[in-house]
Amino acid sequence: MKILVAIKRVVDFNVKVRVKADGSGVETANVKMSMNPFDEIAVEEAVRLKEAGVATEIVVVSCGVLACQETLRTALAIGADRAILVESQAELQPLAVAKLLKAVIQKESPKLVILGKQAIDDDSNQTGQMLAALMNWPQATFASKLKLEGEKAQVTREVDGGLETIAIKLPAVVTTDLRLNEPRYVTLPNIMKAKKKTLENLKPEALGVDVSPRLTTVKVIEPSKRKAGIKVPDVKALVDKLRNDAKVL
C-alpha cells in the first residue's frame with residue numbers, strides 16, 4: 001500500500017508572529033520556519049503504518065516556494081521514502097492546494113492520503129475536506145486513532161460529544177488531530193540519509209492546475225491588547241463588580 005502525506009511549511013509555533021508594517025500579511029522574512037505540527041503527526045502515523053508492515057511506500061508532498069524542500073527533507077528524515085515539491089510563488093489557497101494534491105494523487109495512485117487537520121498559520125481546516133470532495137473519496141477528519149484492515153480504515157475521531165468511531169473504504173482521505181500520536185525526534189543519521197532520497201520538483205502548469213488566488217486579503221491587523229484585570233478581596237466584591245460594572249448579573 002502506498003500512502004501519500006501532504007505537508008506545509010509554516011512559521012514555527014515557537015515564534016511570535018508579527019504583522020507586516022503595511023498590513024498586507026504576516027512577516028516571514030528572517031523568521032524560523034518549520035513543518036506544520038499537524039502534518040508532522042500525519043508523517044509519523046504513515047511511518048508507523050509502514051513499520052507495522054501495513055504500508056510499503058510513503059510519499060510526502062508539499063506545495064509552495066523552493067524553500068519547502070527543507071521541510072520535505074525533514075519528512076524524509078522521519079521516515080518517508082520519496083518527496084514531491086509542487087513549486088509555486090503564488091499565494092496558495094486551500095482549493096488550489098487541493099487541486100494540486102488531486103493531480104499528484106492521480107499520478108501516484110496512493111491507497112491512503114493523510115493530512116494535518118489544519119495549518120497553524122491560516123487555520124483554514126479546508127484542504128482535506130476539499131480534496132476528498134474533488135476525488136470523490138471517503139474522508140475521516142480529526143482522527144485520534146487510525147487502524148487499517150484490508151480495504152477498510154477504522155478511524156476514531158473527536159466530536160463535540162466525545163469520540164466517534166467510523167469505518168471507511170479505501171482509498172480515502174484522513175486528517176489528523178493532536179492526540180493521534182507523538183512525532184519522533186529526527187536523528188542525525190536519518191538526516192544524512194534523507195539527503196540521498198529522491199525529491200521531485202513539479203510545477204502547477206505541468207499538472208494542469210490554475211493556482212490563481214480566488215480570495216483577496218484586504219488587511220491584516222494585530223488583535224487589540226486586553227486590559228489588565230483587577231483583583232477583588234472576596235466573592236461578595238466579585239459579585240458587586242459583575243452586577244454593577246460588567247452588567248452581567
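The structure contained in this document is the topic of the report that follows. All figures in this text were calculated on a predicted structure; none of them were measured in a lab.

**Concerning the overall build of the chain**
Within the chain, the regular secondary structure consists of 7 helices and 11 strands. Dimensions of the chain along its principal axes, counting C-alpha atoms only, are 65 × 45 × 40 Å. By residue count, 41% of the 249 residues in the chain fall in the buried class. Sequence separation of 24 or more characterises 70% of the internal contacts of the chain that already satisfy a separation of 6 or more. Accessible surface for the chain amounts to roughly 14,400 Å². Of this, 52% is attributable to carbon and sulfur atoms. Looking at charge distribution, the chain has the averaged site of its 38 positive side-chain charges lying 1 Å from that of its 31 negative ones.

**Things to note about unusual backbone geometry**
For residues besides glycine, phi is generally negative; the peptide bonds are generally trans as well. The omega torsion across Leu170 and Pro171 is 0°, close enough to zero to call that bond cis. Positive phi, normally seen in glycine, also occurs at Asn125, with a value near 55°. Its place among the elements puts Asn125 in the loop between strand 6 (112–116) and helix 4 (127–135). You can call Asn125 partly exposed: its relative accessible area is 25%. Look at Phe142: it is not a glycine, yet its phi comes out positive at around 55°.

**Details of the side chain of Glu108**
Within the secondary structure, Glu108 sits in helix 3 (residues 94–108). Under the relative-accessibility criterion, Glu108 is labelled buried at 8%.

**Here's the deal with a nonpolar patch on the surface**
Together, Leu188, Ile191 and Met192 line one region of the surface with nonpolar side chains, adding up to about 280 Å² of accessible area. Within the fold, Met192 resides in helix 5 (residues 188–194). Taking relative accessible area as the criterion, Met192 reaches 44% and is therefore assigned partly exposed.

**Let's talk about the pairing of strand 6**
The buried count for strand 6 comes to 5 of 5 residues, which makes it a mostly enclosed element. Here 4 bridges tie strand 1 (residues 2–7) to strand 6, and the two strands are oriented parallel to one another. Across the sheet, the residue bridging to Val5 is Ile114, located in strand 6. As paired elements, strand 6 and strand 10 (residues 172–176) share 5 bridges and run parallel to each other. By the bridge assignment, Val113 is partnered in strand 10 with Val173.

**A word on the pattern of salt bridges**
Here the idea is simple: oppositely charged side chains can pair when their charged atoms come close. Counted by the stated rule, this structure contains 19 salt bridges. Asp121 is the partner of Lys8 in a salt bridge, and the nearest nitrogen-oxygen pair spans 3.1 Å. With a gap of 113 residues between them, Lys8 in the loop between strand 1 and strand 2 (9–11) and Asp121 in the loop between strand 6 and helix 4 connect regions that are remote in the sequence. Judged by its relative accessible area of 26%, Lys8 is partly exposed.

**As for the pairing of strand 7 (residues 139–149)**
Bridging between strand 7 and strand 10 involves 3 bridges; their strand directions are parallel. Counterpart to Ala140 in the pairing with strand 10 is Val174. In terms of strand pairing, strand 7 meets strand 8 (residues 152–159) through 6 bridges, oriented antiparallel. Looking across to strand 8, one finds that Glu149 is bridged to Lys152. Here strand 7 folds back onto strand 8, and the loop between the two strands holds 2 residues, one of which, Gly150, carries a positive phi near 60°.

**Thoughts on the environment of Leu101**
Tracing the backbone shows Leu101 in helix 3. Since its relative accessible area comes to 1%, Leu101 is described here as buried. Residues Leu101 and Leu4, spaced 97 residues apart in sequence, show a C-alpha to C-alpha distance of 9.5 Å. Once residues lying within four places of it in the same chain are set aside, the contact partners of Leu101 are Ala6, Val61, Leu115, Thr127 and Leu131.

**Observations concerning the layout of surface pockets**
Considering only enclosed or pocket space, the largest pocket measures out at about 1,500 Å³ in volume. If you go around the largest pocket, you meet 49 residues; those closest to its centre are Lys8, Glu91, Leu92, Asp121 and Asp122. Secondary-structure elements contributing two or more residues to the lining of the largest pocket are strand 1, strand 2, strand 4 (57–64), helix 3, strand 6 and helix 4. Ranked by residue count, the leading element in the lining of the largest pocket is strand 4, at 4 residues.

What counts and what doesn't
Residue numbers here run from 1 along each chain, matching the order of that chain's written sequence. With the structure being a predicted model, the display of local features is reserved for residues of pLDDT at least 70 and the display and counting of side-chain atom pairs for 80 or more, all residues being used for whole-chain, interface and lining totals. The side-chain numbers reported here are obtained from all heavy atoms of the structure, hydrogens and water having been left aside. Helix numbering and strand numbering both begin at the N terminus, where a helix is a DSSP run of H or I of at least 4 residues and a strand a DSSP run of E of at least 2. Exposure is judged per residue with a 1.4 Å probe applied to protein chains only, and the accessible area is read against the type maximum: over 50% gives exposed, under 20% gives buried, and values in between give partly exposed. Here, residues are in contact when the closest pair of their heavy atoms is within 4.5 Å. The Shrake-Rupley method, run with a 1.4 Å probe sphere, supplies the accessible areas, and residue values consider only the shown protein chains as cover. Positive charge is attributed to Lys and Arg, negative charge to Asp and Glu, and no charge count is given to His or to the chain ends. Working definition for charges: the position is that of NZ of Lys, CZ of Arg, CG of Asp or CD of Glu. The residues that make up patches have over 30% relative accessible area and no salt bridge, and they are joined within 9 Å when like-charged or within 5 Å when they are Val, Leu, Ile, Met, Phe, Trp or Tyr. The working definition used for a salt bridge is a side-chain nitrogen of Lys or Arg within 4 Å of a carboxyl oxygen of Asp or Glu. Between any two strands, at least two bridges found by DSSP are needed for them to pair. Using a 1 Å grid laid over the protein atoms alone, points where a 1.4 Å probe fits but cannot get out form a cavity; open sets with protein on both sides within 12 Å along at least 5 of 7 lines form a pocket; any residue with an atom within 4 Å of a point counts as lining. Grid points are joined across faces, edges and corners, and a volume is the space filled by probe spheres set on the points.

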